[in-house]
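Residue strings, one per chain:
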Amino acid sequence: MTGFQMDQIRVFTSKLFVGDTFDHFLVKEAEIITFNRFSIDGHLRKEFYTAEEREEMGMKQLSTWAMIKPFCFSLIKGRRLPESFRIVLKLPQEKARDFLETRELPIRPEQLEGLYLNIRYENGGVVCLTGTSLNFFTLDKTVEEQWAEEVKEFFKRESLEFQEI
């Protein structure tokens, strides 16, 4: 796990809640605390959709950030800043597979449960933490280290300034 303290909070939150920078990620969960505590489970409810809609959407297990973002933004916009928020994003399986192949990592895609980006806003600051989940035990930290590097490169490409913590 690697942490990044984001330097420009307004730029980061604008790209998160208004821009499309993070739209390709899936949402595992989100929690926003304003006048109430709002919790979002990112798991899609397949029963809500018709068979045609599921097929058209290429139904996945989790919602994309693009789907959830407008609801989250509606909760935080206004004159007052939220007390805090926590968002757990997951790299989609296809992109995770590409990540493993590009980085020539020694695990198979089916061994990778997920590559995560945990975003936390509290006490006036934003911290992003990387996380990995494998479905087997290993002491090798290569996947974790390479995922942190990938996130670092992503932030740089998106002109998001940070300090590694």
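Definitions and limits used
Residues numbered from 1 in each chain as written. Predicted model: local features only at pLDDT ≥ 70, side-chain atom pairs only at ≥ 80, totals over all residues. Heavy atoms only, no water. Helix = DSSP H or I, 4+ residues; strand = E, 2+ residues; numbered from the N terminus. Rg over C-alpha atoms; globule rule 2.2 N^0.38 Å. Contact = heavy atoms within 4.5 Å. Areas by Shrake-Rupley, 256 points an atom, 1.4 Å probe, with all protein chains shown as cover. Lys, Arg positive; Asp, Glu negative; His and termini not counted. Charge placed at Lys NZ, Arg CZ, Asp CG, Glu CD. Salt bridge = Lys/Arg side-chain N within 4 Å of Asp/Glu carboxyl O. Buried < 20%, exposed > 50% of the residue type's maximum accessible area, 1.4 Å probe, protein only. Phe/Tyr/Trp six-rings, centres within 6.5 Å; stacked < 30°, edge-to-face > 60°. Expected span 1.5 Å × (residues − 1).

1. Here's the deal with the overall build of the protein
Broken down by element type, the protein carries 5 helices and 8 strands. Rg of the C-alpha trace for the protein: 16 Å, near the compact-globule value of 15 Å for 165 residues, within the 12% margin. By its C-alpha atoms, the protein is 50 × 45 × 25 Å across when sized along the principal axes. Restricting the contact set of the protein to residue pairs at least 6 apart, pairs at least 24 apart contribute 68%. Accessible surface computed for the protein: about 10,000 Å², of which carbon and sulfur atoms make up 48%. The positive charge centre, built from 23 side chains, and the negative charge centre, built from 28, are 5 Å apart in the protein.

2. A short note on the pattern of salt bridges
Scanning all chains against the criterion turns up 9 salt bridges. Among the ionic pairs, Arg37 bridges to Glu31, the shortest N-O distance being 3.2 Å. A relative accessible area of 15% places Glu31 in the buried class. A salt bridge links Glu110 to Arg108, with the nearest nitrogen and oxygen atoms 2.8 Å apart. Relative accessible area serves as the criterion here: at 48%, Arg108 is assigned to the partly exposed category. Within the structure, one salt-bridge network assembled from shared partners comprises Arg103, Glu150 and Glu153.

3. With respect to the packing of aromatic side chains
Considering all chains together, one arrives at 15 aromatic pairs under this definition. Their ring planes at 80 degrees and their centres at 5.6 Å tell us that Phe35 and Phe38 sit as a pair that is edge-to-face. On the basis of relative accessibility, which here comes to 23%, the residue Phe38 falls in the partly exposed class. Three or more aromatic residues joined by ring pairs make a cluster, and in this case those are Phe4, Phe12, Phe22, Phe25, Phe154, Phe155 and Phe162.

4. Regarding helix H5 (residues 142-157)
Over its 16 residues, H5 extends 22 Å from the first C-alpha to the last, a length consistent with the 22 Å expected when each residue adds 1.5 Å. Among all positions in H5, only Val143, Trp147, Ala148, Val151, Lys152, Phe154 and Phe155 are buried. At its buried positions, H5 is contacted by strand S1 (3-6), helix H1 (9-17), helix H4 (93-102), strand S6 (112-122), strand S7 (125-134) and strand S8 (162-164).

5. Considerations on unusual backbone geometry
Backbone geometry at Asn123 places phi at a positive 55 degrees, although glycine is not the residue there. Phi at Ser159 takes a positive value of approximately 55 degrees, unusual for a residue other than glycine. By the secondary structure assignment, Ser159 is in the loop between H5 and S8.

6. A closer look at the environment of Phe99
Among the secondary structure elements, Phe99 is positioned in helix H4. Relative accessible area serves as the criterion here: at 5%, Phe99 is assigned to the buried category. Between the alpha carbons of Phe99 and Leu81 there is a distance of 35 Å; along the sequence they are 18 residues apart. Sequence-distant contacts of Phe99, that is, excluding residues within four places in its chain, are made with Leu105, Leu115, Val143, Gln146, Trp147 and Glu150.

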